[in-house]
Amino acid sequence: MSTIRVVWGTASGPTKMSSYDAALAEANVHNYNLVAVSSVIPADATVEAVGTAPDLGPAGNRLTVVEARATRAGPGHVSAGLGWTTGDGPGLFYEAAGETDATEIEERVRAGLAAGRQLRDWEFAGESTETVTANAEPGTYVTAVVLAAYGESEPIC
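All of these numbers come straight from a predicted model, not from anything done at the bench.

**Student:** Explanation requested: the pairing of strand 1 (residues 2-13) in the structure shown.
**Tutor:** A regular strand carries its side chains on alternate faces of the sheet. In this sheet, strand 4 (residues 45-51) lies alongside strand 1 in parallel orientation, the contact comprising six bridges. Each bridged residue has a counterpart across the sheet, and for Val6 the counterpart in strand 4 is Ala49. Direction of pairing for strand 1 relative to strand 9 (residues 141-150): antiparallel, over a ladder of 10 bridges. In the strand pairing of strand 9, Val7 is matched with Leu147.

In structure tokens form, the structure reads like this:
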């Protein structure tokens, strides 16, 4: 059985990429090459909301993720959210992000999960969400991220 860890971070910086890198650092996934996948949770996986990832392997490795990400220049704010629903079989993630508040992002995530459940004949038992918001000061960029990191990292070559 594998563990999928839900992690999150927010940060500001002088550029879009530096704010993104700093937000990934807050979640402790900044030293990996992130590979985005869609939103299916394998039947044998467990999902744990941990906030900050433990050591998932050597720097430079590939790490499979589902990612919600929003970045913008200040002044203003961004929010990112990730939700998941599981049961006795496979489950689903749904992500949303944008230049809006956490309440709207959570509503989008929950609506997405509901739509995803309707497309499948799977049994679902629970639903969870994590949402973060960050404010950008004038002259800076801000990023909000919530990621689901699948297991441990793997060598990229």
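**Student:** So what exactly am I meant to see when it comes to the sheet that holds strand 7 (residues 91-98) here?
**Tutor:** Strand pairing in a sheet relies on backbone hydrogen bonds, with the paired strands running either antiparallel or parallel. Taken in spatial order, the four strands line up as 3-7-6-8 in an open sheet, and their pairing is antiparallel. Each end of this open sheet is capped by a strand with a single partner; those strands are strand 3 (40-41) and strand 8 (126-136). Where strand 6 (residues 76-86) lies against strand 8, 11 bridges are found, and the strand directions are antiparallel. Each bridged residue has a counterpart across the sheet, and for Gly83 the counterpart in strand 8 is Thr129. In the packing of helix 2 (residues 102-118) onto the sheet, the strands contacted are strand 6, strand 7 and strand 8, and the crossing angle to strand 7 comes to about 150°.

**Student:** When you look at helix 2 in this model, what are you seeing that I'm missing?
**Tutor:** The end-to-end C-alpha distance of helix 2, which contains 17 residues, comes to 24 Å, matching closely the 24 Å that a straight helix rising 1.5 Å per residue would cover. Considered for burial, the residues of helix 2 that qualify are Ile105, Val109, Gly112, Leu113 and Gly116. The buried residues of helix 2 occupy an angular sector of 100° when projected down its axis, which confines them to one face. Exposed residues lying more than 90 degrees from the buried face of helix 2 are Thr103, Glu107 and Gln118. Tucked into the core, helix 2 has its buried residues touching strand 6, strand 7 and strand 8. Two or three places before Thr103, at the start of helix 2, stands the capping residue Asp101, its side-chain oxygen 3.2 Å from that residue's backbone nitrogen.

**Student:** Sorry, what's going on with the nonpolar core here?
**Tutor:** In globular proteins that are soluble, nonpolar side chains generally tend to be buried together. Judged by nonpolar contacts, the single largest core of 20 residues is most densely connected at Ile4, Leu82 and Phe93. Within the residue set of this core, elements represented by two or more residues are strand 1, strand 5 (62-73), strand 6, strand 8 and strand 9. Setting aside its immediate chain neighbours within four residues, Ile4 contacts Ile41, Pro42, Ala45, Thr46, Val47, Glu48, Phe93, Ala148, Ala149, Tyr150 and Gly151. In terms of nonpolar packing, the next biggest core, distinct from the first, is built from 15 residues, Val7, Tyr32, Leu56 and Leu63 among them.

About the cut-offs
- Residues numbered from 1 in each chain as written.
- Predicted model: local features only at pLDDT ≥ 70, side-chain atom pairs only at ≥ 80, totals over all residues.
- Heavy atoms only, no water.
- Pairing = 2+ DSSP bridges.
- Helix = DSSP H or I, 4+ residues; strand = E, 2+ residues; numbered from the N terminus.
- Contact = heavy atoms within 4.5 Å.
- Axes fitted to C-alpha atoms, helices over the stretch in contact; angles between N-to-C directions.
- Expected span 1.5 Å × (residues − 1).
- Buried < 20%, exposed > 50% of the residue type's maximum accessible area, 1.4 Å probe, protein only.
- Arc of directions from axis to C-beta.
- Polar contact = N/O pair within 3.5 Å; in protein donor to acceptor, adjacent residues only side chain to side chain.
- Core = buried A, V, L, I, M, F, W, Y, C linked by side-chain atoms within 4.5 Å.

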